[in-house]
Amino acid sequence: MNCPFLCYTETLYIVVVISCGGSHNLTVPVSTMIQSVLVFNNYGKPRLMKFYTDHSEARQQQILSDVFKAVSQKNNENCNFIEKCTFLGDDFKIMYRHFTTLYFVFCCDTAESELAILDLIQVFVEALDKCFKNVCELDLIFNVDRAHYVLNEIVMGGVVQETNITEILARFEEQKQAELQETRITPVITMPSIPASLVNRLPSFKDFKMPEIAYTTNPAVTYEFQPYN
């Protein structure tokens, strides 16, 4: 009798079937729901980039450029998603939202719901706004590590993990407190002790004597002092 055991990794299901004749590994690929999350300004400058599939740095920059061209050419009156992107493949589509100077873009597979991803973008933006107190582009520039932490609380490995803003903020505050604790810890520096056998050999300050400086005068030189009027 075969007894299958299922093990899930980030992008693969690995099934191990144990039978009387031995074991066999069956690997079944699983498509990632969210391929990447991109945040860039109106000029295409990236402020946050997160890829959940392996891409080279050149390929990431190319995807960023193609996505910016695709979303920047659309009017605000059009829908906020693009299907069958040629630069990503027919199995992916783009959902985005434009807030003032920033574009928030999610690249997902075709099985994902457009409305669900648009709501997820809203959750991400509201979480950032509450974490940074009226978030702006400068907050993402100077606190990109914290922005990544908020995103990791929402999406992990291309799969949605949390959509409750209260829980996301609670985890964010815990991270801030942990960072404060790390900065408050100061290393204790211990100076090496002097052996007792050498203490008596060290001279004390009262034993130091300044050398005498001999002052000589030239009798041929006379000094005349004039009274001050």
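Details of the structure are given in the entry above.
Residues numbered from 1 in each chain as written. Predicted model: local features only at pLDDT ≥ 70, side-chain atom pairs only at ≥ 80, totals over all residues. Heavy atoms only, no water.

Novice: Quick rundown of the pairing of strand 8 (residues 102-109)? Include the residues and the values.
Specialist: Among the eight residues in strand 8, eight count as buried, and that is most of the element. Residues Leu-102, Phe-104, Phe-106 and Cys-108 point to one face of strand 8 and Tyr-103, Val-105, Cys-107 and Asp-109 to the other, with burial holding for every one of them. Here seven bridges tie strand 4 (residues 34-41) to strand 8, and the two strands are oriented antiparallel to one another. Following the sheet pairing, Val-39 is matched in strand 8 by Phe-104. The pairing of strand 7 (residues 92-99) with strand 8 spans eight bridges and is antiparallel. (Buried < 20%, exposed > 50% of the residue type's maximum accessible area, 1.4 Å probe, protein only. Helix = DSSP H or I, 4+ residues; strand = E, 2+ residues; numbered from the N terminus. Pairing = 2+ DSSP bridges.)

Novice: Provide a residue-level description of a nonpolar patch on the surface, including the pertinent values.
Specialist: A cluster of nonpolar residues, Leu-138, Ile-141 and Phe-142, forms a patch on the protein surface that exposes about 330 Å² of accessible area. Topologically, Ile-141 is positioned in helix 3 (residues 137-142). (Patch = residues over 30% accessible without salt bridge, like charges linked within 9 Å, V, L, I, M, F, W, Y side chains within 5 Å. Areas by Shrake-Rupley, 256 points an atom, 1.4 Å probe, with all protein chains shown as cover. Salt bridge = Lys/Arg side-chain N within 4 Å of Asp/Glu carboxyl O.)

Novice: Account for the pattern of salt bridges, with residues named and values stated.
Specialist: Going through the model one piece at a time under the given rule, you end up with five salt bridges. Among the ionic pairs, Lys-93 bridges to Glu-114, the shortest N-O distance being 2.6 Å. With Lys-93 in strand 7 and Glu-114 in helix 2 (residues 114-132), this pair connects stretches of sequence that are 21 residues apart. Residue classification places Lys-93 among the buried residues on the basis of a relative accessible area of 4%. Taking relative accessible area as the criterion, Glu-114 reaches 19% and is therefore assigned buried. In this structure, Arg-146 and Glu-179 form a salt bridge, with 3.2 Å as the shortest nitrogen-oxygen distance. Taken as a pair, Arg-146 in helix 4 (residues 144-154) and Glu-179 in helix 5 (residues 165-184) lie far apart in primary sequence, 33 residues in all. For Glu-179, a relative accessible area of 25% corresponds to the partly exposed category. Salt bridges sharing common partners tie together Glu-167, Arg-171 and Glu-174.

Purely spatial values, then, with no claim about function.
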